[in-house]
Amino acid sequence: MRMWMVRNQNDVCSRPLLESVLKARIESGEIGPGDEICPSGGYWFPIGDSEELRKFLGEVRLPGESRSVSVAGPVDVTREVEGRGKKGAPQKRFWALLFFIFWAVFAILWMSSRSQ
């Protein structure tokens, strides 16, 4: 189960919460529409953005709603946000980093040989 952080309107962050605890606090109204939440490794979004909320948490009853609305289930979009959703993305970053290091070392060696 994923961990979540809550940031209130005064920019005070909570300690990490389990998803089940987060849902219970949202449904009870303890966490309101002006507060923001963030999944571990994800991005902040307001509780009032019900579409985004349901994308991550599935069925959630917001205070003031007469019924709960659900999607097929929670969708793990953090993989796409972090760039790991596409096959081959980590390998491309690895080779780009290796290429950069190679040229940085080459440039340092070349500059040091010219100064002698």
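Keep in mind it's a predicted model, so treat the numbers as computed, not measured.

About the thresholds
- Residues numbered from 1 in each chain as written.
- Predicted model: local features only at pLDDT ≥ 70, side-chain atom pairs only at ≥ 80, totals over all residues.
- Heavy atoms only, no water.
- Helix = DSSP H or I, 4+ residues; strand = E, 2+ residues; numbered from the N terminus.
- Buried < 20%, exposed > 50% of the residue type's maximum accessible area, 1.4 Å probe, protein only.
- Contact = heavy atoms within 4.5 Å.
- Areas by Shrake-Rupley, 256 points an atom, 1.4 Å probe, with all protein chains shown as cover.
- Salt bridge = Lys/Arg side-chain N within 4 Å of Asp/Glu carboxyl O.

Looking now at the overall build of the chain. Scanning the chain from terminus to terminus reveals four helices and four strands. When the elements of the chain are put in sequence order from the N terminus, they spell out β-β-α-β-β-α-α-α. A burial count over the chain gives 24% of its 116 residues as buried. Nonlocal contacts in the chain, meaning residues at least 24 apart in sequence, comprise 37% of its contacts between residues at least 6 apart. Carbon and sulfur atoms form 59% of the exposed surface of the chain, whose accessible area is close to 8200 Å².

Next up on the list: helix α2 (residues 50–57). All buried positions along α2 are accounted for by E52, L53, R54, F56 and L57. Positive phi appears at G58, one or two residues downstream of α2, with a value of about 75 degrees.

Right, let's get into the pattern of salt bridges. According to the stated counting rule, one finds three salt bridges in the structure shown. When the shortest N-O distance is used, the salt bridge between E30 and R25 registers 3.7 Å. The exposure class assigned to E30 is exposed, which follows from its relative accessible area of 55%. Residue R25 is classed as partly exposed on the basis of its relative accessible area, which comes to 25%.

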